[in-house]
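If you want the building blocks of each chain, they are given just below.
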Amino acid sequence: MSRWMVLHWIHQFFGSNVDSMPATHLTEKETRAATALQPTPPTGNPDRRLSAALWCAGVATFALMYAPQGLLTQIGHDASVSPAQASLLVSAATLGLALSVLPWARFSDRVGRPTAMRYAAATAGLLAVAVPWLPTFDALVAGRFVQGVALGGLPALAMTLLHEVAAPARTAALAGSYVAATSLGGLSGRLLVVPVADHLGWRPALAILGVGLAILMAILIALLPAGRGRRVAVPSTGILAIHLRDTRLLALFGIAALLVGGMVAVFNYLPFRLEAAPYHLAPTVVSLIFLAYLAGTAGSRAAGWVVGRFGHRTVLVSACAFMAGGTMLSVAGSLVLILLGVAAITGGLFVGHAVASGMVGAHATTGRAQATALYNVSYYAGSSLFGWVGGIAWANGQWFYVAVLVLVLTVLALVLALLPSTTARRVVAVESC
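- For the chain, an unreviewed UniProt entry supplies the name MFS transporter and the organism Rhodococcus jostii.
- Quoted straight from UniProt, the Subcellular location (unreviewed entry) entry for the chain says "Cell membrane".
- You can read under Sequence similarities (unreviewed entry) in the UniProt record for the chain the words "Belongs to the major facilitator superfamily."

**Observations concerning the overall build of the chain**
Okay, step 1: A tally of regular secondary structure across the chain gives 18 helices and 0 strands.
Okay, step 2: Relative to its full complement of 433 residues, the chain shows a buried share of 60%.
Okay, step 3: Entry remark: accessible area of the chain is about 16200 Å², with carbon and sulfur atoms responsible for 70%.

**Side note on the pattern of salt bridges**
Okay, step 1: Tallied over the entire structure, the rule returns 1 salt bridge.
Okay, step 2: For the salt bridge of Asp109 with Arg113, the shortest nitrogen-to-oxygen distance reads 2.8 Å.
Okay, step 3: The class for Asp109 is buried, based on a relative accessible area of 4%.
Okay, step 4: The class for Arg113 is buried, based on a relative accessible area of 3%.

**Re helix H9 (residues 155–165)**
Okay, step 1: Most of H9 is tucked away: 10 of the 11 residues are buried.
Okay, step 2: Within the span of H9, buried status applies to Pro155, Ala156, Leu157, Ala158, Met159, Thr160, Leu161, Leu162, Glu164 and Val165.

**Quick word on the packing of aromatic side chains**
Okay, step 1: One pass over the full model with this rule turns up 11 aromatic pairs.
Okay, step 2: Between Phe272 and Trp394, the ring centres sit 6.3 Å apart and the planes meet at 45°, which makes this aromatic pair tilted. One end of the pair, Phe272, is in helix H13 (residues 247–274); the other, Trp394, is in helix H18 (residues 368–418), with 122 residues separating them in the sequence. Both residues of the pair, Phe272 and Trp394, count as buried.
Okay, step 3: A network of ring pairs unites the aromatic residues Phe253, Tyr375, Tyr379 and Tyr380 as a single cluster.
Okay, step 4: In this structure, Arg190 packs its charged tip against the face of Phe267, placed 5.7 Å from the ring centre.

**A closer look at the side chain of Arg273**
Okay, step 1: Among the secondary structure elements, Arg273 is positioned in helix H13.
Okay, step 2: Among buried Asp, Glu, Lys and Arg side chains, Arg273 stands out as unpaired, with Glu275 the closest opposite charge at 13 Å.

**Notes on the packing of helix H7 (residues 113–130) against helix H8 (residues 137–151)**
Any two packed helices are characterised by the angle at which their axes cross and by the distance between the axes.
Okay, step 1: Packing of H7 against H8 leaves a shortest axis separation of 8 Å and a crossing angle of 155°. Taken together, the axes of H7 and H8 lie roughly antiparallel to each other. The handedness of the crossing between H7 and H8 is left-handed. Listed contacts from H8 to Ala120, Thr123, Ala124, Leu127 and Ala128 of H7 are Val146, Gln147, Ala150 and Leu151.

**Focus on unusual backbone geometry**
Okay, step 1: Here Ala277 and Pro278 are connected by a cis peptide whose omega angle stands at 5°.
Okay, step 2: Along the chain, the position of Pro278 falls in the loop between H13 and helix H14 (283–286).
Okay, step 3: Unusually for a residue other than glycine, Ser80 sits at a positive phi of about 55°.
Okay, step 4: When you line up the elements, Ser80 lands in the loop between helix H4 (72–79) and helix H5 (83–86).
Okay, step 5: Exposure remark for Ser80: the relative accessible area of 67% places this residue in the exposed category.
Okay, step 6: Residues other than glycine seldom take positive phi values, yet Gln398 does so here, at roughly 55°.
Okay, step 7: Mapping Gln398 onto the fold places it in helix H18.
Okay, step 8: With a relative accessible area of 42%, Gln398 lands in the partly exposed category.

**Describing the side chain of Gln74**
Okay, step 1: Along the chain, Gln74 turns up in helix H4.
Okay, step 2: Contacts of Gln74, omitting those with residues within four sequence positions, involve Val194, Ala197, Asp198, Trp202 and Pro283.

**Topic: H4**
Okay, step 1: Listed as buried for H4 are Leu72, Thr73, Gln74, Ile75 and Gly76.
Okay, step 2: Looking at the residues trailing H4, positive phi occurs at Ser80, about 55°.

**Examining the packing of helix H6 (residues 88–111) against H9**
Okay, step 1: H9 packs onto H6 with a crossing angle of 40° between their chain directions and a minimal axis gap of 8 Å. For the element pair H6 / H9, the angle class is oblique. Of H9, the residues touching H6 (which contributes Leu97, Val101, Trp104, Ala105 and Ser108) are Pro155, Ala156 and Leu157.
Okay, step 2: Counted by class, the contact of H6 with H9 contains 7 nonpolar, 1 polar and no charged residues.

Parameters and conventions
Residues numbered from 1 in each chain as written. Predicted model: local features only at pLDDT ≥ 70, side-chain atom pairs only at ≥ 80, totals over all residues. Heavy atoms only, no water. UniProt positions renumbered as here; feature names shortened; annotations may be inferred. Helix = DSSP H or I, 4+ residues; strand = E, 2+ residues; numbered from the N terminus. Buried < 20%, exposed > 50% of the residue type's maximum accessible area, 1.4 Å probe, protein only. Areas by Shrake-Rupley, 256 points an atom, 1.4 Å probe, with all protein chains shown as cover. Salt bridge = Lys/Arg side-chain N within 4 Å of Asp/Glu carboxyl O. Phe/Tyr/Trp six-rings, centres within 6.5 Å; stacked < 30°, edge-to-face > 60°. Lys NZ or Arg CZ within 6 Å of the ring centre and 35° of its normal. Lys, Arg positive; Asp, Glu negative; His and termini not counted. Axes fitted to C-alpha atoms, helices over the stretch in contact; angles between N-to-C directions. Parallel < 35°, antiparallel > 145°, perpendicular 65-115°, else oblique. Left-handed = near helix turned anticlockwise from the far one by under 90°. Contact = heavy atoms within 4.5 Å. Nonpolar A, V, L, I, M, F, W, Y, C, P; charged D, E, K, R; others polar.

Laid out in structure tokens, this is it:
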């Protein structure tokens, strides 16, 4: 099969229909300052190379970031650490990513999005192979943090690159491709390492996955378009201040942190519940819960169409309600109800995230890289913080306390979704966790 046939298949499989929304209203002075941050769009139409590059970025980033989540029970037992401590292998990576997205955005303003993404991909690919062999648990946590810092240059810049390179008529399909790729990466990274770990151990499993992802990173480097945006004339802090005064954006940032924090807590600690009495499920069987990501993939692909029919507020509220309902189902003793609950939680998160992240990208037509960076900071900080806090809940009240935590987070997100500041007419979908 030729390279172009492969690229054509990737593009056709991951196409999606998404919309756009009106820009934020700025003062004349703010608009002049913000406009100075906009890089000069490259000439030419986006092609299959860009579609394939975004696909590689989405799969590799999210597979690498969340792969240890399916192995937390094994790692905790092997390293003699508590569930909350084991979860730091996930939280450290997401925290590193959260802290690095703003520096990556600033760096990309100076050297161009493709160049910055190449640096991020090369570093992350090397770390993917090396980190699993670090000898102690503390070293692993530190290595995962550095890994997250390197990965931050990919999701922080992918959608900005898309808007700068692609023609407006092509951004919808390319955004849909990236959404689906992140979903596939999040699923495959969690799902594939567990059966390998059962036979070879969790370190070789993560290292083998790392080799595959390093190859994807190399392909990404080769496929990224040439060129760069012009050097910015105004410090990024100016545009950040504009975004941080926008109450609509602040509400969207909060929704992102709360919803993803709830879902990460569920996936971090549900395996500990299902591998214990009365279920006694094998790790490979437990890893199948990550197939709930397919519900999220379908939900994120349908988000743009649903918002076009019912409005963004209805969709955000419904997403929060799905997560709340799924959380309550997960408290039941029936394994079937638990699985249905997890599917509802995952679908709710993906839909809510697709709506919120898309609104940020479309709302901030000036300083889009900085707005996307702030959204990513909130999103991954919420993942890191609440994923760890879930361990405290588990230690004090097992699954019931974890469910209470997730329910509180979804209710708070629901309140933010109902605020007038989140009003908008249409939305585009972007990445998932």
